[in-house]
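So you can see what is in the structure, the chains are spelled out below.
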Amino acid sequence: MKPVIVWFRQDLRLADNPALHAAVQTGAPIVALFVLDDGRAPDRDLGGASRWWLHHSLAALDASLKKHLVLRRGDAAAIITTLAGQTGAQAVMWNRCYEPSAVARDTDLKADLVAQGVEVQTFNGALLHEPWELKTGAGKPFRVFTPFWNAMRAREAARPLPAPRAMTLQRLDGDRLDAWNLLPTRPDWATGFDWTPGEKSAQEALYDFLPHIAQYRTARDLPDRDGTSRLSPHLHWGEISPRQVWQAVRTHDHSDGAETFLKELGWREFCAQLLFHNPGMTTNPLDARFEKFKWRTGKKDLSAWTRGQTGIPIVDAGMRQLWQTGWMHNRVRMIVASLLIKHLGIHWRDGEAWFWDCLVDADLASNVANWQWVAGCGADAAPFFRIFNPVLQGEKFDPRGVYVRRFVPELAAMPDKFIHMPWAAPQPPRNYPAPIVDLAEGRARALAAFQALKQS
Ligand SMILES: Cc1cc2nc3c(=O)[nH]c(=O)nc-3n(C[C@H](O)[C@H](O)[C@H](O)COP(=O)(O)OP(=O)(O)OC[C@H]3O[C@@H](n4cnc5c(N)ncnc54)[C@H](O)[C@@H]3O)c2cc1C
């Protein structure tokens, strides 16, 4: 029988994988393919932390496929059309990606394959609902989260598919994963990454989290606790599907915590549909008024921010958590982004780019939408003039400074009273920088810039 090519992308799993499921149903031998299109990626190349994750995730998928994952590197469309010809494939199947450039690339590829006489089938494996399914009463895409969520919550998600019981995999020549050099070497900055990529570990993360979900509503805001699921990189790479997560949560309990958690999955969908309908938002503000905003260049400040050397403890703890672990707590992501954009007046795109490189869960839609949200220029964004005070945020969400002390050891001996403002202590620590910005002045400057924007 002629083989079916299954093109894996952000769906590195066997269970609830609609493309793989459909390929198995045909009874044909399956070519399981992954293409690394770095240098030619439709939107942008993978960041460093994503490359680390991808290496380990592909190794895990290859093990699940009994060493039959075919790896190729280069222009994905060219590789797939050639491979379809060489193998005489009857069909190519994949789960859809929704980033605009990926959509354009995949549409062209589909047309080329069909012209070549190869059947193409594509599926939804990444979202609970297709980005075009939920519409406002006027038939438009949503720009405001709450009505989007109400519409989404009113629909039940499709049930996840089981993993195939058996399949025939066709072995083909391909690259060696190690030869892709996805892992950092000199220096190996990933030694502090405490993650196990792969489908099995994604399931474990979900089932470890479920017993705590009832407390999620309050625990999710406290960065010193493991109060959130840490599923984001697994979800981004599709080691687990949102349908699997949704169903597991719904079956587990109906607490406020569970409902709040489902809403976060709603934010993930909201971000995906925003990018799908607003392809320009990766670089341009959704609120066009912000195109005229006067940003500062602030190279030195940007560098201090990336290195966790701003002298503002909760910000430095977050930026060091990001560097050391490839992840940052959501509350702290908002605080560090707010400081960069508002107190330092630096463009949200600079922060977004740093996150893109450092996050293991770097996701174009979620990253861009959240940065724009903090900047006040996104859809349904927090207003620009609502400026987080990082000292008050620290005192509220990390009252004993447990999180700060973990990532900023220079402050380990600081009394609780000064842990979020060591500069005010009778003896400020010598080995920790003074704040790079006076918080009151930074706030006043941000508000003045916003005022000038409104007047222009
Ligand atoms: C400036 C900024 C940048 C961000 N960049 C990313 C990014 O690149 N990739 C990413 O996945 N998330 C991003 N987020 C959203 C959020 O911080 C992470 O999804 C969350 O911290 C992941 O941890 P968790 O899996 O434990 O989340 P949980 O609290 O357990 O939430 C469950 C899931 O819901 C989704 N989710 C939660 N909050 C959000 C949100 N605000 N927006 C979209 N989805 C959400 C994630 O898929 C997450 O895994 C960003 C937030 C901010 C403020």
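Keep in mind that this is a model prediction, so the values were computed, not measured.

1. Focus on the site of the ligand
Line of reasoning, step 1. Taken together, 27 residues lie around the ligand, and Tyr216, Thr228, Ser229, Arg230 and Asn330 are the ones closest in.
Line of reasoning, step 2. Within the contact set of the ligand, a nitrogen atom lies 2.9 Å away from a side-chain nitrogen or oxygen of asparagine 367.
Line of reasoning, step 3. Calculation on the ligand without its partners gives an accessible area of 820 Å², and the protein chains cover 97% of this total.
Line of reasoning, step 4. When residues of the shell around the ligand are traced back to their parent elements, those giving at least two are helix H8 (232-236), helix H10 (256-277), helix H13 (330-343) and helix H15 (364-375).
Line of reasoning, step 5. In the shell around the ligand, the residues fall into 14 nonpolar, seven polar and six charged.
Line of reasoning, step 6. Formed jointly, the shell around the ligand draws a minimum of three residues from each of two domains, domain 2 (127-158 + 200-277) and domain 3 (288-455).

2. With respect to the layout of surface pockets
Line of reasoning, step 1. Looking at the largest pocket, its volume works out to about 1,200 Å³.
Line of reasoning, step 2. For the largest pocket, the lining is made up of 39 residues, of which Tyr216, Glu264, Trp267, Asn330 and Asn370 are closest to its centre.
Line of reasoning, step 3. Of all elements in the fold, only H8, H10, H13 and H15 reach the threshold of two or more residues within the lining of the largest pocket.
Line of reasoning, step 4. Tallying contributions element by element places H10 first for the lining of the largest pocket, with eight residues.
Line of reasoning, step 5. Of the residues that constitute the lining of the largest pocket, the class distribution is 18 nonpolar, 10 polar and 11 charged.
Line of reasoning, step 6. Counting contributing residues per domain, the lining of the largest pocket is built from domain 2 (127-158 + 200-277) and domain 3 (288-455), each supplying no fewer than three.
Line of reasoning, step 7. The volume enclosed by the second largest pocket comes to roughly 530 Å³.
Line of reasoning, step 8. With five residues, helix H6 (residues 199-209) is the single largest residue contributor to the lining of the second largest pocket.
Line of reasoning, step 9. For the lining of the second largest pocket, a count of residues per class yields four nonpolar, nine polar and six charged.

Conventions and cut-offs
Residues numbered from 1 in each chain as written. Predicted model: local features only at pLDDT ≥ 70, side-chain atom pairs only at ≥ 80, totals over all residues. Heavy atoms only, no water. Near = heavy atom within 4 Å. Polar contact = N/O pair within 3.5 Å; in protein donor to acceptor, adjacent residues only side chain to side chain. Areas by Shrake-Rupley, 256 points an atom, 1.4 Å probe, with all protein chains shown as cover. Helix = DSSP H or I, 4+ residues; strand = E, 2+ residues; numbered from the N terminus. Nonpolar A, V, L, I, M, F, W, Y, C, P; charged D, E, K, R; others polar. Domains from an automatic or database assignment. 1 Å grid on protein atoms, 1.4 Å probe; cavity = no way out; pocket = protein on both sides within 12 Å on 5 of 7 lines; lining within 4 Å. Points joined across faces, edges and corners; volume = space filled by probe spheres on them.

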